[in-house]
Amino acid sequence: MDLSSRVYTGVSKVVGPLIVIEGVEGIGYGEIAEISLPGGETRIGQVLETTTTRALVQVFRGTRDLDTEGTKVRFRGEPMKISLSAEMLGRTFDGSAQPIDGGGPVIPECIRDIYGSPINPSAREHPRNSIETGISSIDGMNTLVRGQKLPIFSGAGLPHNLLASQIARQAKVTGQAEKFAVVFAAMGITYEESAFFIREFEESGALERAVLFLNLADDPAIERIITPRLALTTAEFLAFDKGMHVLVVLTDLTNYCEALREIAAAREEVPGRRGYPGYIYTDLASLYERAGRIRGREGSITQIPILTMPDDDITHPVPDLTGYITEGQIVLSRELHRKGIYPPVDVLPCLSRLMQGGIGEGRTRADHAEVKNQLYSAYARGIRLKSLVAVMGEEGLTPLDKVYLRFCDRYESDFIRQASYEDRSFEDTLNLAWDLLSLLPRSELKRISKEYIDSYYHGVEGGECKGP
Amino acid sequence: MKKNETMVGDDKRDAMNSKSRDGTVIRVTGPVVEAEGMAGSRMYESVRVGKAGLIGEIIILEGDRATIQVYEETTGLVPGEPVIRTYLPLSVELGPGLVGTMYDGIQRPLEEILRRTGDMIERGSSAPALDRTKKYRFYPLAKEGDEVHEGDRLGCVRESVSVNHFIMVPPGMSGTLMSLAKKGEYVVTDTIAVIMSGSEKTPITMIQRWPVRSPRPVRERLDPVEPLITGQRIIDTLFPLARGGTAAIPGPFGSGKTVVQQQLAKWVNADIIIYIGCGERGNEMADVLEQFPTLKDPRTGHALSSRMVLIANTSNMPVAAREASVYTGITLAEYYRDMGYHVALMADSTSRWAEAMREISGRLEEMPGEEGYPAYLSSRLADFYERAGRVSLLGSGGHEGSISVIGAVSPPGGDFSEPVTQNTLRIVKVFWALDADLAYQRHFPAINWLMSYSLYGNMAGQWWEEHVGPDFIRMIQEMMEILQRENELEEIIRLVGPETLPESDRLLLLKAEIIRESYLMQYAFDEFDTYTGPKKQYRMLKSIFSFFERAERALDSGVTVSNIRTLSLIELFARMGSSSPEEEDELFQAIARDMESMKNLKGAF
């Protein structure tokens, strides 16, 4: 096809981030358009709807300064692509994959469609290698596994960035030296936040193994729709072509969804919950499902998407739909944060769906699953008692209840709390867990087999409540 | 009902492929495509769109224009590209080779697609649903010259170690059997019989086609008469499902829907399992694929995958195919039911299916109903669940079959008042409400015993008393009363504290605790706890209830509840579920001994 004939001058309509071009011919759905402004600037857009004579295009860097007469639109005849190379490691790009670190353009080893194709479910390998993050509340209670997508549900002002950077710094699969890389995509976060990540990566030496895509708060909102896809296409290349284990940090997905909503509103689509479009589940899935492992290939993609829950509301559509797609979630709690506990992981609503296959004999330790269950049930009971105490004081409690309360406090202050540079091994975490479980009477450990109790329990036989 | 014209599709479709175009694409927006020049097309006809031959289905007709939902990614599709009609509704292929296979939502075999196009699913990939080269050993079950009718068995092939696959006369057809293949090896496309009806001779192969949106005909629908045994204690005893019944499991994310669904798939006493992963996680499907072939089915001793069909349309696969996946699954279920099998179908999750409808409806700019869902949501849900049931089959054998449907629902924010949950509850007979609070405490299965219900309770109770042991109904009623009363007491404790409770109430709390932690809670990942057969369930119940009686008597004679709590049997109860068959007797004896020792407690005072 002669591409020069696919240049059109003038647009018939500009509304929000969208433009309409009339009198076109043969424009493909999803293809990329280059929009040249009268001032000489070029922006990239994508076809959202096409008919025999008309194309609707979303412009990623916004429609400011566009006019209806002088604007030139050239259709490329292909979907959005990205040039990929192993040389991208250590580089920083903007939200549209243009270098912003002063280096030259990427000399491509290959060029890929950023929307990718879905992995055939029968090509997937079920992830089973647990990652040691060195953080007890994750390793002990919600173990992360290579190839998993485990989001952090946070709130404004909570230390999710510190936690994400600690995970990126400490994450390892014990006993294996493998090629490791970090792909970081920022969507609408502030300059300060992004500088924090860059500094953290620099200090830990991870920067040379990292690829950064930055769309900051003052960058165009619509660009956020492609930023994570550029990052994930890069991650797929590093993982499945170069055999690396890639950790992808995406932040902040709430901003991404806002951008989707903006386009839906401009298109006057029927809104779903809270004004988000009906296809937001499918759209989010097209990002999250790009995590995983493929049978017979070396590498893996592990995703840690971060999102801030508006008003700490876990039922807000963004965390809600995310939770239905991802394999669990790490939820941060404002209450623990106020108590000065870092990381403020609220373990009760947390979950790692792939944990079961990644722990146990030969992976972490044989007693891991049962210890986790016992900790959960004991902590949940402690929390329930606390709400009771808040109403009527401690007088009415039985001695056993008081032991549970003590367990609950110690669990938060010793097990959950750790320093941002403290790296605990699985062994450390599980031993710590037994120290806490040994506060309880032996007969309370109903979820643990006798053999493990015999080898690890070191409390007084009746626990601390040998009383009346 | 005359459906046979849709059955002989292969030749017609081949004829069509030589044709270059019927209509022309004029508009593309996501999965929705408009085409003109489509005069004469039928509603829900299957079409091929564009040069890549993407699979689509007509969902609106207006003049010579058709609106088509496309089951594959439409990126790159250009107005002006051709649309080719198939003259057939969206159909599935039915025949030997279904079990043990994983399909996508429109019945493309994913393992074969993997061999053809690699690790990623590329657009326009296709492969026949049934392996055309595999030979099956055919055993005739009729004679030449027989008068045969729809549903009659012509022969049988061994589809897998667990499944005998009957080759039946397709619905809508009857006549004289002119010829029938002899015992021998055949591929699915070989003609194995010729039926003469009037003056028309129809060759029959092992493949039938059936349009997914139409239910297959049956002779008569029957009431369910026995429970489906799942080995999950809370389900079998408190909220049973019937063979041929329908159940919904709604729950917020992380409450264990998928684990419950997988547990049912593994342990339910059905002959054939259809598992639909509709808009769910790819890694989960990989888990099922790796796990199920290695799992030994307790009844047959063979791998579970030898009697299971998997349909995987993960959340990142095209949305329209997700909408179709549920129909594809239930059509396969009906086909096996027609052979006289008991089929259990799990759909995880029907909310994703409903959302796919919403997404398509939004693209069509239809007037939305509640929360943006189309107004036909409730009728589509009803149509789907109504395809479940116990039935008497067509054909002369007088056979029976059943389909039990278990649909997971994923309500946004865990709010059961949303349209999908509510419309589902109006249809299904069993409601297993999953509870986030229970899940947070790692009480699994997190089925809330106060909110859930089963309308098959009476039928199941009688079955238990007849087949397992007496006194079952009384124990279940008492169990529900204890749990209900515990809930009330907790309210009181919240207000006035526990110290004011009389001893009788304290005992009730202990009883409830034992029921919850030792009976209702069941650990899916424990080798033995994962499945409890009816006999053991009954034994556990008996043991718990005889303890309750003795504890009451002890209380009357002055023993306190804190004394009773020191008994080691309370710890032993918690180990009943996970005890192996070898340990079981010993454990129950130890519990009995400990109960005896309760008499001595009085001496403590």
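Residues numbered from 1 in each chain as written. Chains lettered and ligands numbered in written order. Predicted model: local features only at pLDDT ≥ 70, side-chain atom pairs only at ≥ 80, totals over all residues. Heavy atoms only, no water.

Time to look at the domain arrangement of chain A. Residue and element names in this part refer to chain A. Assigned domains of chain A: these are domain 1 (3-78), domain 2 (82-357) and domain 3 (367-456). Opposite the 32 residues of domain 2 that make contact, domain 3 presents 25 residues. Taken together, both faces of the contact between domain 2 and domain 3 bury some 2,300 Å²; the carbon and sulfur share is 55%. When the buried surface of domain 2 facing domain 3 is broken down by residue, Ser136, Met141 and Leu348 rank first, second and third, together holding 26% of it. On inspection of domain 2 and its partner domain 3, the count reaches two salt bridges. (Domains from an automatic or database assignment. Contact = heavy atoms within 4.5 Å. Buried area = accessible area lost by both parts, 1.4 Å probe. Salt bridge = Lys/Arg side-chain N within 4 Å of Asp/Glu carboxyl O.)

This chain's UniProt record puts "domain: ATP synthase A/B type C-terminal" (unreviewed entry) on residues 358-457 of chain A. For residues 358-457 of chain A, the end-to-end C-alpha separation is 24 Å, with 63% helix and 0% strand making up the annotated structure. (UniProt positions renumbered as here; feature names shortened; annotations may be inferred. Helix = DSSP H or I, 4+ residues; strand = E, 2+ residues; numbered from the N terminus.)

Bringing the packing of helix H7 (residues 350-363) of chain B against helix H8 (residues 377-385) of chain B into the picture now. Packed helices, taken two at a time, are described by their axes: the angle between them and the distance between them. All names here are of chain B. As a packed pair, H7 and H8 sit with axes 11 Å apart at the nearest point and diverge in direction by 135°. Between H7 and H8, the angle is such that the two are oblique. In this structure, the crossing between H7 and H8 has a hand that is right-handed. For the pair H7 and H8, contact is made by Thr350, Trp353, Ala354 and Met357 and by Leu377, Arg380, Leu381, Phe384 and Tyr385, respectively. Per-class residue counts for the contact of H7 with H8 are seven nonpolar, one polar and one charged. (Axes fitted to C-alpha atoms, helices over the stretch in contact; angles between N-to-C directions. Parallel < 35°, antiparallel > 145°, perpendicular 65-115°, else oblique. Left-handed = near helix turned anticlockwise from the far one by under 90°. Nonpolar A, V, L, I, M, F, W, Y, C, P; charged D, E, K, R; others polar.)

Okay, the packing of helix H14 (residues 534-556) of chain B against helix H17 (residues 581-596) of chain B next. All names here are of chain B. Interhelical geometry of H14 versus H17 gives an angle of 10° and a closest axis separation of 10 Å. In terms of orientation, H14 and H17 fall into the roughly parallel class. Contacts between H14 and H17 pair Lys536, Arg539, Met540, Ser543, Ser546, Phe547 and Arg550 from the former with Glu584, Asp585, Phe588, Ile591, Met595 and Glu596 from the latter. Looking at the contact of H14 with H17 residue by residue, the class counts come to five nonpolar, two polar and six charged.

This part is about the sheet that holds strand E15 (residues 180-189) of chain A. All names here are of chain A. Pairing is mixed across the open sheet formed by eight strands, whose spatial order is E9-E16-E15-E17-E19-E14-E20-E21. The open sheet has two edge strands with one neighbour each: strand E9 (92-94) and strand E21 (351-352). Pairing between E9 and strand E16 (residues 210-216): three bridges, direction parallel. Bridge assignment links Asp94 to a residue of E16, and that residue is Leu214. (Pairing = 2+ DSSP bridges.)

A few words on the UniProt feature "domain: ATPase F1/V1/A1 complex alpha/beta subunit N-terminal" (unreviewed entry) in chain A. The sites that UniProt annotates as "domain: ATPase F1/V1/A1 complex alpha/beta subunit N-terminal" (unreviewed entry) are residues 11-77 of chain A. Along residues 11-77 of chain A one finds 0% helix and 54% strand; the C-alpha atoms at either end are 18 Å apart.

At the interface, 77 residues of chain A touch 74 residues of chain B. Carbon and sulfur atoms supply 54% of the area that chain A and chain B bury against each other, a total of about 6,300 Å² over both sides. Of the charged contacts in the structure, one is a salt bridge between A:Arg297 and B:Asp119, with a shortest N-O distance of 2.6 Å. Our count for the chain A to chain B interface comes out at 40 residue pairs in polar contact (both at pLDDT 80 or more). Breaking the side of chain A that touches chain B down by element, the ones donating at least two residues are strand E5 (42-51), strand E11 (124-125), helix H6 (280-288), helix H7 (317-325), helix H10 (368-392) and helix H13 (450-456) of chain A. Broken down by element, the residue count for the side of chain A that touches chain B peaks at nine residues, all from H10(A). Taken together, the residues that form the side of chain A that touches chain B break down as 34 nonpolar, 26 polar and 17 charged. In the sheet, E5(A) pairs with strand E1 (residues 23-29) of chain B via two bridges, with the strands oriented antiparallel. When the bridges of E1(B) are listed, A:Thr50 appears paired with B:Val28. (Polar contact = N/O pair within 3.5 Å; in protein donor to acceptor, adjacent residues only side chain to side chain.)

Once that is clear, we can look at the side chain of B:Ser392. Residues and elements named next belong to chain B. For Ser392, the position within the fold is in strand E25 (residues 389-392). For Ser392, a relative accessible area of 15% corresponds to the buried category. Not counting residues up to four positions away in its chain, the partners in contact with Ser392 are Val218, Arg219, Glu220, Leu222, His399 and Glu400. (Buried < 20%, exposed > 50% of the residue type's maximum accessible area, 1.4 Å probe, protein only.)

This paragraph deals with the sheet that holds strand E16 (residues 200-204) of chain B. All names here are of chain B. Spatial ordering of the open sheet is given by E10-E13-E15-E16, a layout of four strands whose pairing is antiparallel. Strands with a single pairing partner mark the edges of an open sheet, and in this sheet they are strand E10 (147-148) and E16. Where E10 and strand E13 (residues 175-180) come together, two bridges link them in antiparallel fashion. Bridging across to E13, Glu147 finds its partner in Thr176.

Right, let's get into the packing of aromatic side chains. Residues and elements named next belong to chain A. Within this structure, the stated rule accounts for 27 aromatic pairs over all chains. Arranged with centres 4.6 Å apart and planes meeting at 40°, the rings of Tyr379 and Tyr411 form a pair that is tilted. One end of the pair, Tyr379, is in helix H10; the other, Tyr411, is in helix H11 (residues 399-416), with 32 residues separating them in the sequence. With respect to burial, Tyr379 and Tyr411 carry one shared label: buried. (Phe/Tyr/Trp six-rings, centres within 6.5 Å; stacked < 30°, edge-to-face > 60°.)

Let's shift gears to the confidence of the model for chain B. Confidence along chain B averages 90 in pLDDT terms, with 96% of residues attaining 70 or more. Quick note on the complex model: pTM equals 0.89, ipTM equals 0.84. (pLDDT = per-residue confidence, 0-100.)

Buried residues dominate H7(A), accounting for nine of its nine residues. Every buried residue belonging to H7(A) is among A:Pro317, A:Val318, A:Pro319, A:Asp320, A:Leu321, A:Thr322, A:Gly323, A:Tyr324 and A:Ile325, and all of these are buried.

Proteins that are soluble and globular tend to have nonpolar side chains buried together. Residues A:Leu163, A:Phe213, A:Phe407, A:Tyr411, B:Trp432, B:Phe547 and B:Ile564 are the most contacted members of the largest nonpolar core, which totals 225 residues. For A:Phe407, the residues in contact, after removing those within four places along its chain, are A:Leu375, A:Ala378, A:Tyr379, A:Leu436, A:Leu437, A:Leu439 and A:Leu440. B:Ile272, B:Val309, B:Ile311 and B:Leu332 belong to the second largest nonpolar core, which has 84 residues in total. (Core = buried A, V, L, I, M, F, W, Y, C linked by side-chain atoms within 4.5 Å.)

Excluding glycine, residues mostly have negative phi values, and the peptide bonds linking residues are mostly trans. Here the residue pair B:Asp348 and B:Ser349 is connected by a cis peptide bond, since its omega of 10° sits within 30 degrees of zero. Residue B:Pro445 is bonded to the preceding B:Phe444 through a cis peptide linkage, with omega at -10°. Relative to the elements of secondary structure, B:Pro445 occurs in the loop between helix H10 (436-440) and strand E28 (453-454). Phi is positive for A:Glu268, close to 60°, though the residue is something other than glycine.

All names here are of chain B. Judged by how many residues are buried, strand E23 (residues 308-313) sits mostly within the fold: six of six residues are covered. Across the two faces of E23 the burial is the same, with Met308, Leu310 and Ala312 and Val309, Ile311 and Asn313 all buried. Pairing geometry for strand E22 (residues 272-278) and E23, over six bridges, is parallel. Residue pairing across strands places Gly277 opposite Ala312, the latter belonging to E23.

With that settled, the discussion passes to helix H13 (residues 503-520) of chain B. With 18 residues, H13(B) extends 24 Å between its outermost C-alpha atoms, agreeing within 8% with the 26 Å of an ideal straight helix rising 1.5 Å per residue. For H13(B), the tally of buried residues reaches 14 of 18 residues, placing the bulk of the element in the interior. (Expected span 1.5 Å × (residues − 1).)

Below, the discussion takes up the pattern of salt bridges. A full pass over the atoms with the stated rule returns 81 salt bridges over all chains. In this structure, A:Glu444 and A:Arg381 form a salt bridge, with 3.4 Å as the shortest nitrogen-oxygen distance. Of this pair, A:Glu444 sits in the loop between helix H12 (426-437) and H13 while A:Arg381 sits in helix H10, placing them 63 residues apart in sequence. Salt bridges sharing partners connect three or more residues here, namely A:Glu49, A:Arg267, A:Glu269, B:Arg27, B:Glu34 and B:Arg65.

On to the environment of A:Ala369, then. All names here are of chain A. Note on placement: Ala369 falls in helix H10. The class of Ala369 is buried, set by a relative accessible area of 14%. As a C-alpha pair, Ala369 and Gln356 span 13 residues in sequence and 7.3 Å in three-dimensional space.

The next thing to look at is the pairing of strand E3 (residues 18-22) of chain A. Residues and elements named next belong to chain A. Of all five residues making up E3, four are buried, and the element is well covered by its neighbours. Where strand E2 (residues 13-15) meets E3, three bridges bridge the pair, whose relative direction is antiparallel. Counterpart to Val14 in the pairing with E3 is Ile19. The antiparallel pairing of E2 with E3 creates a hairpin that spans two residues between the two strands, and Gly16 there sits at a positive phi of about 55°. Both E3 and strand E6 (residues 54-59) contribute to a ladder of five bridges, which runs antiparallel. Its bridge partner being in E6, Glu22 is matched across the sheet by Arg54.

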